[in-house]
Amino acid sequence: MLKIGDFIPDALELNDQDNKPWKLSQLKGKRSILYTYPKDSTPGCTTEAKNFRDSIKEYENADIQIFGISADSVISHKKFAEKHNLPFTLLSDPDKKLLNALGSMEGGKIKRRTWLVDENGKIEKVFEKVSPTNHNAELCEYYMLK
């Protein structure tokens, strides 16, 4: 698992919900939230995503970008984003390259975890246990938003 002080694997490339390719090196220059979740449109994942959506202005005002990552397809991500008006990027990782590199895979399952990344691509904080209901508030408190 990537820990505080590690750098994200910036050579990896994944497609977003619009099938646009993203290299992790593109994250540099802004603080980023990388959160992994098991499956689009499930109750916990929907709750977590909608909470991020509802605070998007605060994140944008603090120049923080959000990336949700799961093994779901680009098509699944597109439907999920459109259905819930999600204004942030969802990255599709069907081969679980990033999920494995981050350390989100455990016992063959995707764990709900979050990595806060600084402007240089270095991990500044890791949340290994995440409550879908309370996690956004936890991050807003960490970043002193609202």
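Residues numbered from 1 in each chain as written. Predicted model: local features only at pLDDT ≥ 70, side-chain atom pairs only at ≥ 80, totals over all residues. Heavy atoms only, no water.

A closer look at the state of the cysteines
Our working rule: Only a pair of cysteine sulfur atoms within 2.5 Å qualifies as a disulfide here.
This structure, assessed with the given rule, holds zero disulfides. There is no disulfide at C45, and the cysteine sulfur nearest it, in C140, is 19 Å away.

As for the side chain of N136
The cut-off we apply is this: Strands here are runs of E lasting at least two residues and helices are runs of H or I lasting at least four, both read from the DSSP assignment and numbered beginning at the N terminus. Only protein chains enter the accessibility calculation, which uses a 1.4 Å probe; a residue is then buried when its area is under 20% of its type maximum, exposed when over 50%, and partly exposed in between. Under the rule applied, a polar contact is a pair of N or O atoms within 3.5 Å (in protein, one hydrogen donor and one hydrogen acceptor; residues adjacent in sequence only if both atoms are side-chain atoms). In this description, contact between two residues means that some pair of their heavy atoms is separated by no more than 4.5 Å.
In this fold, N136 is placed in helix α5 (residues 135-143). For N136, a relative accessible area of 7% translates into the label buried. At 2.9 Å, the side chain of N136 forms a polar contact with the side chain of S55. Not counting chain neighbours up to four residues away, the residues in contact with N136 comprise N51, F52, S55 and Y59.

What about the nonpolar core?
Operational definition: Residues grouped as a nonpolar core are buried Ala, Val, Leu, Ile, Met, Phe, Trp, Tyr and Cys residues, joined through side-chain atoms within 4.5 Å.
Of all hydrophobic cores here, the largest spans 23 residues; its most connected members are I33, Y35, Y59, I66, F88 and L90. Looking at this core, the elements with two or more residues in it are β3 (31-36), α1 (43-54), α2 (56-61), β4 (64-70), α3 (74-83) and α5. Setting aside anything within four residues of it in sequence, one finds Y59 in contact with I33, F52, I64, I66, N136, L139, C140, Y143 and L145. Listed in part, the 19 residues of the second largest apolar core include I8, I69, L102 and V117.

Thoughts on unusual backbone geometry
Glycine aside, residues mostly have negative phi angles, and peptide bonds mostly take the trans form. One non-glycine residue, N19, lies in positive phi territory at about 65°. Looking at where N19 falls in the secondary structure, it is placed in the loop between β1 (13-16) and β2 (21-23). Within the chain, N85 stands out as a residue other than glycine whose phi angle is a positive 50°. Relative to the helices and strands, N85 resides in the loop between α3 and β5 (89-92). Exposure remark for N85: the relative accessible area of 56% places this residue in the exposed category.

Observations regarding the pattern of salt bridges
Our working rule: Within this document, salt bridges are pairs made up of a side-chain nitrogen of Lys or Arg and a carboxyl oxygen of Asp or Glu, the two lying within 4 Å of each other.
Enumeration according to the criterion identifies 10 salt bridges in this entry. A salt bridge links E128 to K3; its shortest N-O distance comes to 3.7 Å. One end of the pair, E128, is in the loop between β9 (123-127) and α5; the other, K3, is in the segment before β1, with 125 residues separating them in the sequence. The salt bridge involving E106 is made with R113; its shortest N-O contact spans 2.6 Å. Residue classification places R113 among the buried residues on the basis of a relative accessible area of 6%. Look at the salt bridges and you will find they share partners, linking D18, K78 and E82 into a network.

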